[in-house]
Amino acid sequence: MKEVIVICGPTASGKTALSIELAKQINGEIVSADSMQIYDEMDIGTAKPTEAEMQGIKHYLIGGISPTTRYSVSQYKKDAEDAIAEIISKDKTPIVVGGTGLYVNSLIYGIEYPEIETDLEYRKTLEERESKEGLEQLYNEACKIDKEAMEKISCNDKKRIMRVLEIYKTTGKTKTQLEVESKLKGPKYNYRVFAINIERKKLYERINKRVDIMMDSGLIEEVQDLYNKYGENMLTSVQAIGYKEVIQFFKKEITKEEMIDKIKMETRRYAKRQITWFKKIDNIRWINGLDSIQNNIEIILEGRKNEKWWYRKKQENKKDNNRNNSSNCSCLWCIYGV
């Protein structure tokens with residue numbers, strides 16, 4: 001069974017930088033596991049890597065889907081496995097990178113999510129009930145239907161609460177039942193899963209800084225262009241953190257300062273949920289996001305040291321280190337030779 005490396009973790013933990021450097025060193029290509037970076041025209045708010053940041057490494061499933069299109073987990077699994085197969089056919093190493101837990105789980109557990117048609121009338125009914133009765137009422141109903149699934153879903157996660165109710169209404173089965181049935185085949189590849197961990201205070205500092213950078217980079221203008229072009233037809237994509245808050249600002253429901261604070265708060269909450277999710281993955285290995293990238297690469301590649309490319313890389317680094325040490329330089333470039 002072919003091996004696939006998975007790098008996951010909370011937002012702003014350094015997944016992109018680590019994965020790109022890893023791909024450069026092991027002749028790899030990257031398959032995104034981010035449910036919002038899949039959408040076109042949503043670049044700033046999703047922290048989509050730029051061409052310069054990609055450093056020539058081919059990325060799959062970054063863009064390609066219209067913001068007005070609903071993109072399901074089952075569609076992601078198919079597209080991701082197609083991308084992995086293409087990478088392997090080129091004798092390269094696939095690296096799955098992202099923070100969307102459902103996407104990661106669909107691959108590493110081989111979950112075959114059934115394509116369930118959305119009942120628009122029932123969804124409209126749920127929307128109306130949420131407005132009149134409140135989201136808490138729908139959350140409580142979903143808990144009675146599928147307690148196990150709801151243990152992983154926030155009481156504020158309107159989209160997933162409604163999805164649990166919709167699945168039961170459409171199929172007569174709970175989300176948990178369908179997942180048990182869908183795991184019977186098992187995963188298609190040998191996934192080695194790593195998650196980046198960062199001390200909570202440092203992670204939150206990074207998140208706050210990232211939001212400030214997004215604002216300076218034109219997040220408001222990006223959302224304005226999208227909203228002018230698509231309006232409410234953005235469906236799922238408009239629920240992305242950063243986008244829904246800016247739209248609230250446009251509608252004068254919150255001030256600009258409240259909008260920025262809310263984006264930071266919601267992103268921190270999302271990061272916390274991501275950490276909780278990934279902690280439940282079997283045989284996952286956590287790496288310290290504050291360590292050097294090269295140190296984490298070596299941890300990821302443990303167990304593959306007999307491969308020729310690894311030996312060559314170590315020899316190259318050793319030669320570089322010998323040259324660099326003679327100059328008494330102590331920077332990471334000189335120490336690690338990368």
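Note that the coordinates shown come from a computational prediction; the quantities given were computed from them, not determined experimentally.

Some thoughts on the pattern of salt bridges
No. 1: For the structure shown, the criterion picks out 23 salt bridges.
No. 2: Between Lys78 and Asp82 there is a salt bridge, with the nearest N and O atoms lying 3.1 Å from each other. In this pair, Lys78 and Asp82 both sit in helix H3 (residues 73-89), four residues apart, roughly one turn of the helix.
No. 3: The partner of Asp157 in a salt bridge is Arg160, with the nearest N and O atoms 3.2 Å apart.
No. 4: Overall, the relative accessible area of 16% leaves Asp157 in the buried class.
No. 5: Residue classification places Arg160 among the partly exposed residues on the basis of a relative accessible area of 31%.
No. 6: One continuous salt-bridge network, built from bridges that share partners, spans Glu29, Glu86, Lys90 and Lys92.

Some words on the confidence of the model for the chain
No. 1: On average, residues of the chain score 88 in pLDDT, and 89% of them are at 70 or above.
No. 2: When the criterion is pLDDT under 50, residues 306-311 qualifies, and its contacts beyond four places in sequence or with other chains add up to eight contacts.
No. 3: Low confidence marks residues 320-338, where pLDDT is under 50. Its contacts with residues over four positions away, or in another chain, come to 22 contacts.

Focus on the environment of Lys244
No. 1: Its location among the elements puts Lys244 in helix H12 (residues 243-250).
No. 2: Using a relative accessible area of 31% as the deciding quantity, one classes Lys244 as partly exposed.
No. 3: Remark: the alpha-carbon pair of Lys244 and Val223, spanning 21 residues in sequence, is separated by 8.9 Å.
No. 4: In this structure Lys244 touches Val238 and Gln239, once residues within four positions along its chain are discounted.

Some points on the environment of Ala271
No. 1: Its place among the elements puts Ala271 in helix H13 (residues 256-278).
No. 2: It is 5.8 Å that separates the C-alpha atoms of Ala271 and Thr11, two residues lying 260 residues apart in sequence.
No. 3: When residues no more than four places from it in sequence are discounted, the contact partners of Ala271 are Pro10, Thr11, Leu203 and Ile207.

A look at the packing of aromatic side chains
No. 1: For the structure shown, the criterion picks out three aromatic pairs.
No. 2: With a centroid separation of 3.9 Å and 5° between ring planes, the pair formed by Tyr76 and Tyr103 is classed as stacked. Linking Tyr76 in helix H3 with Tyr103 in helix H4 (residues 101-108), this pair joins segments that are 27 residues apart in sequence. Both residues of the pair, Tyr76 and Tyr103, count as buried.
No. 3: Ring geometry for Phe249 and Phe250: centres 6.2 Å apart, planes at 40°, overall tilted.
No. 4: The ring of Tyr60 is capped by Lys58, whose NZ or CZ atom sits 4.9 Å from the centre of that ring.

The rules behind these values
- Residues numbered from 1 in each chain as written.
- Predicted model: local features only at pLDDT ≥ 70, side-chain atom pairs only at ≥ 80, totals over all residues.
- Heavy atoms only, no water.
- Salt bridge = Lys/Arg side-chain N within 4 Å of Asp/Glu carboxyl O.
- Helix = DSSP H or I, 4+ residues; strand = E, 2+ residues; numbered from the N terminus.
- Buried < 20%, exposed > 50% of the residue type's maximum accessible area, 1.4 Å probe, protein only.
- pLDDT = per-residue confidence, 0-100.
- Contact = heavy atoms within 4.5 Å.
- Phe/Tyr/Trp six-rings, centres within 6.5 Å; stacked < 30°, edge-to-face > 60°.
- Lys NZ or Arg CZ within 6 Å of the ring centre and 35° of its normal.

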